[in-house]
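Coordinate inspection notes
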Amino acid sequence: METLKIGDVTITSIIERDGPWRKPADMFPAYDPAVGEKHLADLDPVVFDQASGKMVITYQTFVVKTPKHTVLIDTCTGEDKGHPPPMDFPKQPWLDNFKKAGLSFESITHVFCTHLHIDHTGWNTMLRNGRWVPTFPNAKYIFHKGEYTHWEATTKEGKNPPGTVWTNNCRPIVEAGQALLVDDTYQLDDTFTLTPTPGHSPCHCCVNIRSKGQEAIVTGDMMHHALQCREPEWSTIFDTDPKQAAASRRTFLSSVAGTGKFVLPIHFPSPTTGRIEADGNRFKYNFVR
Ligand SMILES: [Zn+2]
């Protein structure tokens, strides 16, 4: 995509990492090779690398510029987090792309995390003199209260090994007084509202962006790959509640199919933006070029 215009709002992608990543059978416990291969042959070629047999998965941040605010949605994996390979992505592409978009750390007014996973909270903080501090000094960071509380509790109970995401990427924001803990009804301004889509994580939310009669929806990790439009019941190994994730996906896909609304899933490769079309009991993801 690079930049998508929705009325008075622009949405720009900042990529941290892209390319072939995982085999479908390793990602979807319900994967059926015969069914999957048939779908993959019909899908847009950008989503699958035939040579390696791996799905193409991108890690990116969306910068949403409304008339009043500059918001980052999801902040990739960040730097100095000590994640073991393959999650130790080099930091430079994200920083270079952030700069290329004409942004400075000071210019960000808000950060919103669709959910609090390793690859959606990384740049929330940076290591300075041995301490994790907010990367964006003037930003309010918007976390869903239920999501924050869940990861705080599981980390404290030791049930979230290694448990560094909440400790390093979220708690320092609250301690710095820069967090806004919100519920499903939160509205940043008349262009920016939330829709709860639980399942991938307990309080995962999509972001609706509306301006001048147009609408785009940043869907976070409600789906990871276009295969899940063909098979909405294929949840991933990363979902907290796979059944609920599938239900959220089907509800969402049904609600946007045929509406012309733009859909922006964080992990879909460039051009990322697409529109949903119903196809019997399934859906099609049509990239917008
Ligand atoms: Zn993710």
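Placed above this text is the structure.
Model, not experiment: these values are computed from the prediction. (Residues numbered from 1 in each chain as written. Predicted model: local features only at pLDDT ≥ 70, side-chain atom pairs only at ≥ 80, totals over all residues.)

**Section: the nonpolar core**
Convention followed: One nonpolar core equals one set of buried Ala, Val, Leu, Ile, Met, Phe, Trp, Tyr and Cys residues connected by C-beta atoms within 7 Å. Here a residue counts as buried when 20 or more other C-beta atoms sit within 10 Å of its C-beta, as exposed when there are 12 or fewer, and as partly exposed otherwise, the C-beta atoms being derived from the backbone. Once C-beta atoms have been placed from the backbone, residue pairs whose C-beta atoms lie within 7 Å are recorded as contacts.
Ranked by size, the top nonpolar core spans 69 residues in total, and within it I11, V111 and V207 carry the most contacts. Ignoring sequence-local partners within four residues, the contact set of V207 consists of I73, F112, T114, F192, L194, I217 and V218.

**A few points about the packing of helix α4 (residues 145-156) against helix α5 (residues 164-175)**
When two helices pack together, their arrangement is captured by the angle between the axes and the distance separating the axes. Filter applied, for reference: Working convention: axes come from line fits to C-alpha atoms, limited for helices to the stretch in contact. Angles between N-to-C directions cover 0 to 180 degrees. Strands are runs of DSSP state E lasting at least 2 residues, helices are runs of H or I lasting at least 4, and numbering of each runs from the N terminus. Angle categories are assigned with fixed cut-offs, so that under 35 degrees is roughly parallel, over 145 is roughly antiparallel, 65 to 115 is roughly perpendicular, and the rest are oblique. By convention, the crossing between two helices is left-handed when the near helix turns anticlockwise from the far helix through less than a right angle, and right-handed when the turn is clockwise. Here the term charged refers only to Asp, Glu, Lys and Arg, the term nonpolar to Ala, Val, Leu, Ile, Met, Phe, Trp, Tyr, Cys and Pro, and the term polar to all other amino acids, Gly among them.
Between α4 and α5, whose axes approach to 9 Å, the crossing angle comes to 130 degrees. The angle between the axes of α4 and α5 places the two elements in the oblique class. Viewed along their axes, α4 and α5 form a crossing whose handedness is left-handed. Contact with α4, carried on its side by Y148, W151, E152 and T155, involves V165, W166, T167 and C170 of α5 and no other residues of that element. The residue inventory of the contact of α4 with α5, partitioned by class, reads 5 nonpolar, 2 polar and 1 charged.

**Comments concerning the sheet that holds strand β1 (residues 3-6)**
For clarity, the cut-off: One requirement defines pairing of two strands: DSSP has to find at least two bridges between them.
Reading across the sheet, the 7 strands line up as β1-β2-β6-β7-β8-β11-β12 and stay open at both edges, with mixed pairing between neighbours. Each edge of the open sheet is held by one strand with a lone partner, namely β1 and β12 (179-182). Looking at each pair of strands side by side, their axes are set apart by 25 degrees on average, direction ignored. Sheet topology places strand β2 (residues 9-17) next to strand β6 (residues 59-65); 7 bridges connect them, and they run antiparallel. Bridge pairing in β6 places I15 opposite Q60.

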